[in-house]
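Summary of the model geometry
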Amino acid sequence: MSNIVIIGNGVAGISAARWIRKLSDHSITVISSETDHFFSRTALMYIYMGHMRYEDTKPYEDWFWKKNRIDLVNDHVNGIGFESKQLTLRSGKTMGYDKLILALGSKSNMFGWPGQDLDGVGGLYSLQDLEQMEKFSPDLKRAVICGGGLIGIEMAEMFHSRHIPVTMLVREESYWSNVLPPEESQMITRHIKDNHIDLRLGVNLGEIKDDGTGKAKSVVVKETGEEIPCGYVGLTAGVSPNVGWLKESGLEIGRGIKVNKHLETNMPDVYAIGDCAEQTDVQPGRRAIEAIWYTGRMMGETVAYNAVGKKIAYDPGLWFNSAKFIDIEYQVYGELPATLPEHLKTIFWEHVDGDKSIRINYHVDDYTVKGFNLFGIRYRHEVCKKWILDKTHIEEVLQNLGLANFDPEFYEEFESNIIRVYNQKESKNIGLKTKRGLSKVFSFLNR
Ligand SMILES: Cc1cc2nc3c(=O)[nH]c(=O)nc-3n(C[C@H](O)[C@H](O)[C@H](O)COP(=O)(O)OP(=O)(O)OC[C@H]3O[C@@H](n4cnc5c(N)ncnc54)[C@H](O)[C@@H]3O)c2cc1C
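Residues numbered from 1 in each chain as written. Predicted model: local features only at pLDDT ≥ 70, side-chain atom pairs only at ≥ 80, totals over all residues. Heavy atoms only, no water.

Their axes nearest at 7 Å, the elements helix H1 (residues 11-23) and helix H7 (residues 293-307) cross at an angle of 35 degrees. In this structure, the crossing between H1 and H7 has a hand that is right-handed. Listed contacts from H7 to Val11, Ala12, Ser15, Ala16, Trp19, Ile20 and Leu23 of H1 are Trp293, Gly296, Arg297, Gly300, Glu301, Val303, Ala304 and Tyr305. Split by residue class, the contact of H1 with H7 holds 10 nonpolar, three polar and two charged. (Axes fitted to C-alpha atoms, helices over the stretch in contact; angles between N-to-C directions. Helix = DSSP H or I, 4+ residues; strand = E, 2+ residues; numbered from the N terminus. Left-handed = near helix turned anticlockwise from the far one by under 90°. Contact = heavy atoms within 4.5 Å. Nonpolar A, V, L, I, M, F, W, Y, C, P; charged D, E, K, R; others polar.)

This is the structure we're talking about:
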């Protein structure tokens, strides 16, 4: 029986632990210095907004770990001896391992801005970050958030939910324009402004000023020199793998910990997964580091097989992600880059209210469907996935688009609108054959 140690109790580390237990009787220890138990990082904002308590974000009851013989250790790993297979912990203890899984997650990017270490300045990544935001929220007159992207908008929504005025400094000319196609990026830009968030585009943080007591009192906009008074500064300019402390350890590190398709590092019996792992064998159209929840979960499962000796390759499957931009839900499946590459065509429909849209990408040559982008409308993951993986013709998809619709029964259906866009673009005259309905979905998926 092996002694398997996992550093990190996020979705990657915990998925690994659960799968190792399903597959074997090995001894499993999970070490983390953030919290005693696994919680859902994506739900952090809902704690602040009062929709959930911290307790509600824990996917498993506290008794689960003992019952499944997964030892949890709340400590920080300060050093790893890869030859001796020994970990040094902050508590002064040491711990040996036979196999080690690094699931260290990310940290908020800090680009050396003057004042970034002042009190009242923080990212949004850990539970401690949330506590920090909570501490500064009472009587807060304004928060300035530096950086767009998913975490920036979440932080803006959090303060906004408590009626705290928010200014957002975003480098791009339109919200998240490096990820979203222009129309969707502009839709969310408008939505942010409609929510009375003071969105400043095309600007960067210059410095954060000290009030003389070591606390932030304002930010200076780099381009204009404008000083914006504020009691809290949120730094949300992306995240990067939490690997700085391992740079001199002999572990091969690029931006993250380099892993092959079996999630093995260059050190014997050491694996890396989740946000901290950088794949060396990247599939076309995918990124070497995919810092999202589902990647952590899938890598956790794959690494478990490898750690118990059943060698399998990591398959990232179809790209998908989901999020919410204040009130607008977002789902993406497959190939949906911000700039349309030459091999793709696109059709896009947007509701006149500017809060719903459907985009479908398809191949220029064979017209097979390649990607879906949904805003304010929910589509079924399994249906979109099957169409893309089966290389289904765009017209077959459009005629049966109701199969994908996952909105509640009484919601309006907009599939005919996107078909109209296609007919116009391609000079065709196809119509919708299948409307929303669960029974048809089951037979389609089991076909
Ligand atoms: C606010 C927010 C919202 C998000 N929303 C979405 C979303 O909507 N959809 C989506 O797909 N993804 C989202 N993400 C990203 C997603 O949460 C992450 O990709 C995922 O949680 C990463 O999981 P992980 O297990 O790799 O790392 P983590 O969850 O970061 O876990 C790593 C753990 O290891 C601990 N650790 C690190 N080093 C040590 C050490 N030396 N000793 C002890 N412990 C250590 C850390 O403290 C941490 O607890 C969001 C992230 C944030 C911050």
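This part takes up the nonpolar core. In terms of nonpolar packing, the biggest core is built from 50 residues, with Ile80, Leu87, Leu100, Ile101, Leu102 and Ile257 touching the most fellow members. With near-sequence residues (within four places) excluded, Leu87 lies in contact with Val5, Ile7, Ile31, Val77, Gly79, Ile80, Lys93, Thr94, Met95, Tyr97 and Leu100. One finds Ile47, Phe159, Ile164 and Tyr330 within the second-largest nonpolar core, a separate group that totals 39 residues. (Core = buried A, V, L, I, M, F, W, Y, C linked by side-chain atoms within 4.5 Å. Buried < 20%, exposed > 50% of the residue type's maximum accessible area, 1.4 Å probe, protein only.)

When a strand is regular, its side chains alternate between the sheet's two faces. Burial within strand E22 (residues 328-334) is extensive, with six of its seven residues counted as buried. In the sheet, strand E21 (residues 320-325) pairs with E22 via six bridges, with the strands oriented antiparallel. In the strand pairing of E22, Lys324 is matched with Glu329. In textbook terms, the turn of a hairpin is the stretch between consecutive antiparallel strands, and for E21 and E22 this stretch comprises two residues, one of which, Ile326, has a positive phi near 55 degrees. When E22 meets strand E25 (residues 369-375), the two strands line up antiparallel, connected through five bridges. Each residue of the ladder has a partner; that of Val332, found in E25, is Asn373. (Pairing = 2+ DSSP bridges.)

Note on placement: Ile7 falls in strand E1 (residues 3-7). Overall, the relative accessible area of 6% leaves Ile7 in the buried class. The sequence separation of Ile7 and Glu252 amounts to 245 residues, and the corresponding C-alpha distance is 17 Å. Every residue in contact with Ile7, bar those within four places of it in the chain, is listed here: Ile31, Val77, Ile80, Leu87, Leu100, Ile101, Leu102, Ala103 and Leu104.

Among the 32 residues in the neighbourhood of the ligand, the closest are listed as Ala12, Glu34, Arg41, Tyr125 and Asp275. Asp275 has a polar side-chain atom sitting 2.7 Å from an oxygen atom of the ligand. Note that an oxygen atom of the ligand is positioned 3.4 Å from one of the backbone N or O atoms of Ile292. Contact with the protein chains hides 94% of the accessible area of the ligand, taken as 1000 Å² for the molecule alone. Elements that contribute at least two residues to the shell around the ligand include exactly H1, helix H5 (149-161), H7 and E21. A class-by-class count of the residues in the shell around the ligand yields 14 nonpolar, 13 polar and five charged. (Near = heavy atom within 4 Å. Polar contact = N/O pair within 3.5 Å; in protein donor to acceptor, adjacent residues only side chain to side chain. Areas by Shrake-Rupley, 256 points an atom, 1.4 Å probe, with all protein chains shown as cover.)

Tallied over the full model, the rule gives zero disulfides. Unpaired in terms of disulfides, Cys230 finds its nearest cysteine sulfur in Cys146, a separation of 7.9 Å. (Disulfide = S-S within 2.5 Å.)

Attention shifts here to the sheet that holds strand E5 (residues 86-89). Across the sheet, three strands lie side by side as E4-E5-E6; this open sheet has antiparallel pairing. Two strands lie at the open edges of the sheet, namely strand E4 (77-81) and strand E6 (94-96), each paired on one side alone. This sheet shows a mean twist of 20 degrees between the axes of neighbouring strands, independent of strand direction. Where E4 and E5 come together, four bridges link them in antiparallel fashion. Across the sheet, the residue bridging to Gly81 is Gln86, located in E5.

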